[in-house]
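Residue-level structural notes
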Amino acid sequence: NDFELEDDVKYLGTEDGDNSAVKHNFLKAAEILQHLKQNVYSHSHIYFLREVSRMARHALRAKSFFHHPDVVGMECSDCTIVLRGIEQLFLFDSFVEETIHKFVVESEQTVEDTIDPLISPPKLTDSFLSTNEDLMEWWMTQERLGAIHLLEKCASSTLSSSQSQKGPSQKSLEIGHSSNENETLKSQPLFPAISELFAALIHSGRKKSTSFSDNRSQHLYIANVIAPLCSIFVDLIHTEASFLRKKLLSRPALSSTSSSILRSPNLVSDMDLKANISQWISVISGANVAAQAVRRSQSTGGTRGNAVYFSQPASSSPIDVLERLAQSIEKLRDAICEDFIISAFVETIVMERAKFASYMMRCPFLLSQAESMERRGQREKDDGHGNGRNIWTLSPDLNDSFHVVSIIVKTLKSNMMKLNDMFGSDNSGTLDGSNVRSGGGMEPNTEQSMMTMLFFGNRSVFGTLSSAISAKFLEIAVDPQGMAPEIRRGGAQQFNHDVLTFAELFDSHSFPSRISTNINPMERACAASRLMSAEPAHIQSLRKALNDLATPSSGIITLFERRNDVEEHDFMPRLNLDDFYADERLVEEAQSMLSAKGYGVLELEEVLSIINRVR
């Protein structure tokens, strides 16, 4: 009692000095008792929860619930009884864990000052499940089979690949023939329902795996339940992607309505292409959601329960296993995006069927012309309209390619506008997400995380497509095969117009999205085409500056050089890349010079290749 201790201390303080030792011992004992009283008050709830847990454990052991033949034996006719019993074990342990965590948060104390492992309540899952090998193995088998059944059932009713196996009466990719195209595309989910179900199952699995105190039980659950679940999900998503690729590359019927609109009869209709693209974006976003679900489970699994309720050993953590599972799903996600954009769409649809390959074959002849083939006969019109870029027209070989690429970009814009409306953003926003308005009552970190996952499919398709198209134009400009030994300004101006026309499709400032791209992938191709079509004086000035930097004495023509070779390059020899790499400082100075001239996005080798061929 505090009052009695204070009275005793006051009484001892009035005695003589002979009682100083007794007083000191009494004060020390009072301090110890006070400390014990504080510990009892601060841990009273833990003592209470420990006693309740011990009572529950004693009752289950006394009744032999998990050993009774009517529950787990051969005489058991309903296995759901024991499954519900195991579920109650997890629910009870989760309740105790959350109660302790709530007290720690409210008391604003550290975990070390609040929780003593010696007085922690016993976990019922450790007492009745992880210590029973036969029951543990049977339960994990039931968990695995139940989760896989749910995934396959969801796939059979939502994925197009599963629906197509049931017969032509099922609704598949032929949604493009709907009477209302906009309503059909708006009804396309942001990601497949199977991804949402997978994320929920992974979250449940994470909660169950972290309920065990020992790493061995956690590893067993991950290896027997979570890992097979991830494998089945990967197979289902891969099957769906293969089905969509087959539909995209299938030859359209001769009676297709697209043949009257597009020049090439091998291209699918616009509605079918939009529907296919929307489903590709949905699958890519779904794979990303699944990967993030696995990664979040391993990053948040031991923060609250294991750190507060039970201490988890740091060695041999299951986090590495979950990280490898997340990486495998991410590799599938990236492979799906590359297979769709690079292999299926760009290489097959754009290059072969939309005749972009024929344009690449004709470009060396186009660039070597002093005046573009498309420009002949247009001089009178040019004189009346000035020398602006608007007088140029797209090369005929690129009409179909531009059309199919624009369909993808328009579909991406439509999806982005739908996502912007969902997060309460205007459509004129920037690419870094600075125009986001907090809405829906969500936390800023939660909202930003959801935006990153939902925008991933559109962002990855946009970036991969723009990079692939830019690589094709850059290949024409740099000419690694040596197909265009000369570049004339007339043909280069037509090529520059073609590149800028495609670049406008990927203009990030007019793209209503949160695609975080610091540099537009088309910028390198635009810089190369701009250099190719620059004024002769500008090319001469840049060539002279680079030549003086590499060989300061290059202005003197030696007796061993042929005069006509020098005159062919306007009294400037060919720029050799080896002269720059002879000294690392020359490379840095040359790159800085190119950046000052507006060609910093190009490599020095690419610039030299263009300058040496410009006539």
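Residues numbered from 1 in each chain as written. Predicted model: local features only at pLDDT ≥ 70, side-chain atom pairs only at ≥ 80, totals over all residues. Heavy atoms only, no water.

**Digging into the packing of helix H16 (residues 356-367) against helix H20 (residues 456-478)**
Closest axis-to-axis distance for the H16/H20 pair is 10 Å, and the angle between their directions is 25°. Classified by the interaxial angle, the pair formed by H16 and H20 is roughly parallel. Crossing angle aside, the handedness with which H16 passes H20 is right-handed. Two secondary-structure elements touch here, H16 through Phe356, Tyr359, Met360, Cys363 and Leu367 and H20 through Lys472, Phe473, Glu475 and Ile476. For the contact of H16 with H20, the class distribution of residues is seven nonpolar, no polar and two charged. (Axes fitted to C-alpha atoms, helices over the stretch in contact; angles between N-to-C directions. Helix = DSSP H or I, 4+ residues; strand = E, 2+ residues; numbered from the N terminus. Parallel < 35°, antiparallel > 145°, perpendicular 65-115°, else oblique. Left-handed = near helix turned anticlockwise from the far one by under 90°. Contact = heavy atoms within 4.5 Å. Nonpolar A, V, L, I, M, F, W, Y, C, P; charged D, E, K, R; others polar.)

**Observations regarding the packing of aromatic side chains**
Counted under the stated rule, the structure contains 17 aromatic pairs. Pairing Trp139 with Phe212 gives two aromatic rings, centres 6.4 Å apart and planes at 70°, and the pair type is edge-to-face. With a gap of 73 residues between them, Trp139 in helix H8 (residues 133-158) and Phe212 in the loop between helix H11 (193-209) and helix H12 (215-249) connect regions that are remote in the sequence. Of the residues examined, Trp139 reaches a relative accessible area of 3% and is grouped as buried. (Phe/Tyr/Trp six-rings, centres within 6.5 Å; stacked < 30°, edge-to-face > 60°. Buried < 20%, exposed > 50% of the residue type's maximum accessible area, 1.4 Å probe, protein only.)

**Side note on the pattern of salt bridges**
Tallying each qualifying case throughout the model produces 15 salt bridges. Between Asp334 and Arg333 there is a salt bridge; the shortest N-O distance is 3.0 Å. Given a relative accessible area of 9%, Arg333 falls into the buried group. Among the salt bridges present, the one from Asp397 reaches Arg362, with a minimum N-O distance of 2.8 Å. Here Asp397 is found in the loop between helix H17 (379-385) and helix H18 (399-422), whereas its partner Arg362 is found in helix H16, with 35 residues between them in sequence. On the basis of relative accessible area, Asp397 is assigned to the partly exposed category, the value being 21%. Taken together, the shared-partner salt bridges in this structure form one network comprising Arg50, Glu51 and Arg54. (Salt bridge = Lys/Arg side-chain N within 4 Å of Asp/Glu carboxyl O.)

**Focus: the confidence of the model for the protein**
Overall, the prediction assigns the protein a mean pLDDT of 76, with 70% of residues at 70 or greater. pLDDT under 50 marks residues 374-390. Its contacts with residues more than four places away, or in other chains, come to 17 contacts. Counted against residues more than four places away or in other chains, residues 512-518, with its pLDDT under 50, gives 29 contacts. (pLDDT = per-residue confidence, 0-100.)

**Here's the deal with the nonpolar core**
Formed by 127 residues in total, the largest nonpolar core has its most connected members in Phe198, Phe345, Val405, Phe473, Phe495, Leu546 and Phe580. Dropping the residues within four chain positions of it, Phe198 is found in contact with Leu151, Leu229, Cys230, Phe233, Ala290, Val294 and Ile329. Among the nonpolar cores identified, the runner-up in size contains eight residues, and Phe191, Val289, Leu419 and Leu454 belong to it. (Core = buried A, V, L, I, M, F, W, Y, C linked by side-chain atoms within 4.5 Å.)

**Let's talk about the environment of Leu531**
Topologically, Leu531 is positioned in helix H22 (residues 522-532). In this structure Leu531 comes out as buried when scored by relative accessible area, which is 0%. For the pair Leu531 and Val614, spaced 83 residues apart in sequence, the C-alpha separation works out to 9.3 Å. In contact with Leu531, not counting residues within four places along its chain, are Ile539, Leu542, Tyr599, Val607, Ile610 and Ile611.

**Re unusual backbone geometry**
Phi is positive for Ser64, which is not a glycine, with a value near 50°. Its location among the elements puts Ser64 in the loop between helix H3 (44-63) and helix H4 (69-72). On the basis of relative accessible area, Ser64 is assigned to the partly exposed category, the value being 34%. You will see that Lys355, though not glycine, has its phi angle at about 70°, which is positive. By relative accessible area, Lys355 is classed as partly exposed at 38%.

**Digging into the packing of H20 against helix H27 (residues 604-613)**
Where H20 meets H27, the closest approach of the two axes is 9 Å, and the angle between their N-to-C directions is 50°. In terms of orientation, H20 lies oblique with respect to H27. Along the contact surface, H20 presents Leu474, Ala477 and Val478, while H27 presents Glu606, Ser609, Ile610 and Arg613. Broken down by class, the residue content of the contact of H20 with H27 amounts to four nonpolar, one polar and two charged.

**A short note on H27**
Of all 10 residues in H27, eight are buried, a share of seventy percent or more. Every buried residue belonging to H27 is among Leu604, Glu606, Val607, Leu608, Ile610, Ile611, Asn612 and Arg613, and all of these are buried.

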